[in-house]
Structures are given as structure tokens and as C-alpha cells.
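Structural overview
Each chain is listed here by its residues.
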Amino acid sequence: MNEMHEKISAALDIIEHCSSLTVLTGAGISAESGVPTFRGKEGLWRNFRSEDLATPEAFWNNPKLVWEWYDWRRNAARDAKPNPGHFALAELEDQKKKFTLITQNIDGLHQLAGSRNIIEMHGNIWQIRCTKCGDVQQSHKVPLDEIPPRCGLCNEIGRPNVVWFGEIIPMEVIDRSLKAVEECEVMLIVGTSGIVEPAASMGLVAKQTGKTVIEINLEYTPNSPLFDLTILGKSGEILPLLFTSRKVYS
Ligand code: BJW
Ligand code: ZN
């Protein structure tokens, strides 16, 4: 057996024998569905870096530009279908007594795959929030009729209902995430570069509270040395190998 197979077999053993699992996902899990990752080369849009557009300053400086970027991303997300990695996590949820999926992704693909107990740490790209009255509307319209979109109640401009750099993640979301990490036996960290806080610290909290942490990524990340296992590879290929599927496909 080569090292990769040994790691997969070890992870399979750990996952099959635990009754509670918490998963943290990032942009990498949706890469095989064609959704650009945040920091990858394909995350570049019209020569702007994602990090420079995902801020309140960028938005207020040029709401039209930031909305055009989100319109482009909504277009990519609309055409995307969940991949075997998303489906594997949805099936795993059915097999475990306790299962929480914390995602940094805003694309809604976990929901489409059938995952139920989801915490969306960074919001949802299909929601528009009024910058004045705070009203939140679902909108799947791509492209948007008007950029920036306007609030149906007060006519002020709307913004994507997401969390940008420098913005606070709602306390209730942090509390639920920490509880899920503290109460699980095993944590899986999938397709995230592990540099954006507070999500990046979830794996550290897991280790500090004695959990087994397994990471799946194309490459090692800054916290890999702290984790129990890092499996290098595509999440759409690795995740389905980490448990015994009980689904019968006809
Ligand atoms: C694959 C794959 C395949 C590819 N299979 N793998 C402590 C220290 C320093 C700074 C801070 C700190 N605490 C807070 C901050 C500031 C800031 C921060 O973290 N900065 C860092 C960059 C240093 N954090 C915040 O501002 C947060 N707010 C906060 O903490 O409030 C309190 C506070 C405020 C100010 C100061 C201090 C405290 C909010 C963070 C919100 C992040 N929002 C974004 C945008 C969301 C909306 C949108 O998408 O448009 O969230 S930024 C962006 O990064 C997005 C992502 O969810 C997030 C994480 O990215 P992710 O998912 O990891 O994607 P990538 O592209 O980076 O990585 C993909 C990975 O997949 C790679 O590793 C690939 O190898 C891998 N991969 N294909 C498996 N097939
Ligand atoms: Zn309004």
C-alpha cells in the first residue's frame, strides 16, 4: 500500500467508527463543480483580486463594480451542480447520529446535494440585503435586472448578504459553529486554504479540545502540521472513499 492508500484507509476507519462528525468546507469542494475558488488563478476577475473586492470599502467605493463581480459569480454558481464530494457529505450526514456542516461557501451547493444541518458562516450569494432597512430577499435572477439592485421596501441599494473582510460574523453563527466543533468526535476540513479567520481557527479549537482532525486538500495548508491526517487530492474523489456508501444505485 502506498502512503496515500494508507491515509485513506486510516481515515475510513476513523470516520466509520465515530458517531458525531463536524465538517468545515471551503471553496475547494466546489472547484470540481466549476465554481472558481477564492484565491486560485481562476478567482481573478477582470484583473481584480477577490480579496480586494470582498470588502465593505470596495463596495461603497464602487457598488456597481462589486455587484458586477457578484453577478458573474452568481452566473457560475447557477450553472454549477453538486459534485461527488457534496453528495458524499450529504450521505454521511444520514449515517451519523450527530453531523454538522460548517461551510464558508456562499454557493448553496451543499443544500442542493441534500445536506441539512448546515451553518453558512459567510452568508449566501442568493440573498440580497438592503443597506438601509436590512430587509433580506432571496433572488435567483441572473443577470440581475438592475445593478446595484434596489430594495423593494425603501428603494435603497442592496448588497449581497455575505460577510466581507472586516465584518463581524453574527455571534449566533460563531456560537453554533464552536459548539459543533467542541461536541464532535471527529472533524473533517475540506478544500479551504485555512487563512481566513475565524473559520481557520475551528480546526485549532478541535485539536485543543481533543478531536481527531482530518484534512482534505490539493496541497498542505498552514495548519496541516497540527492535524492528525492530511490527504492530498481532489475532494470529489477522496470524500466518497472515506465511508461505506449504503446507497443502492439502479
Ligand atoms: C481543493 C480543490 C479540490 C482547490 N479538492 N481542495 C486574525 C488574524 C489576522 C486577521 C484577522 C484575524 N481575525 C480576523 C481577521 C481579519 C479577516 C481575516 O481573516 N484575514 C485574513 C486574510 C488574515 N477576517 C475577517 O475580517 C472576518 N471577520 C472577523 O473576524 O470579524 C472580527 C474582526 C474584524 C476585523 C479585524 C479583526 C476581527 C470575516 C471574514 C469573511 C471572509 N469573507 C470571504 C468572502 C465571502 C463572500 C464571498 O465569497 O464573496 O469568504 S473572503 C473568502 O475567503 C471567502 C471564503 O469563504 C474565505 C475562505 O476561502 P477558502 O474557502 O479557504 O478558499 P481559497 O480559495 O482560499 O482556498 C481554496 C482551497 O481549496 C485551497 O487550499 C486549494 O488548495 C483547495 N482546493 N481545489 C480539494 N478539488
Ligand atoms: Zn430597504
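Note that the structure is predicted; figures quoted are calculated from it, not measured. (Residues numbered from 1 in each chain as written. Chains lettered and ligands numbered in written order. Predicted model: local features only at pLDDT ≥ 70, side-chain atom pairs only at ≥ 80, totals over all residues. Heavy atoms only, no water.)

Before going further, it helps to spend a moment on empty space enclosed by the protein. One pass over the structure, following the stated rule, counts one cavity of 30 Å³ or more. In this structure, the largest cavity occupies an estimated 80 Å³ of space. Taken together, Leu 24, Ile 189, Thr 192, Gly 194, Ala 199, Ala 200, Gly 203, Glu 215, Thr 221, Asn 223 and Phe 227 make up the full set of residues lining the largest cavity. Counting residues per element, the lining of the largest cavity draws most heavily on helix H9 (residues 199-208), at three residues. For the lining of the largest cavity, a count of residues per class yields five nonpolar, five polar and one charged. (1 Å grid on protein atoms, 1.4 Å probe; cavity = no way out; pocket = protein on both sides within 12 Å on 5 of 7 lines; lining within 4 Å. Points joined across faces, edges and corners; volume = space filled by probe spheres on them. Helix = DSSP H or I, 4+ residues; strand = E, 2+ residues; numbered from the N terminus. Nonpolar A, V, L, I, M, F, W, Y, C, P; charged D, E, K, R; others polar.)

Taken together, 33 residues are adjacent to ligand 1, and Tyr 70, Arg 73, Gly 166, Ser 193 and Asn 217 come closest. At 2.8 Å, a backbone N or O of Val 163 approaches a nitrogen atom of ligand 1. Within the backbone of Gly 166, one N or O atom sits 2.6 Å away from an oxygen atom of ligand 1. When ligand 1 is considered free in solution it has 1500 Å² of accessible area, and contact with the protein chains removes 75% of it. According to the grid-proximity analysis, the pocket containing ligand 1 is the largest pocket. Those elements giving two or more residues to the shell around ligand 1 turn out to be helix H2 (28-31) and helix H5 (63-78). No fewer than three residues from each of domain 1 (3-35 + 81-122 + 169-242) and domain 2 (36-79 + 124-162) sit in the shell around ligand 1. (Near = heavy atom within 4 Å. Polar contact = N/O pair within 3.5 Å; in protein donor to acceptor, adjacent residues only side chain to side chain. Areas by Shrake-Rupley, 256 points an atom, 1.4 Å probe, with all protein chains shown as cover. Sits in = over half its atoms within 2 Å of the grid points. Domains from an automatic or database assignment.)

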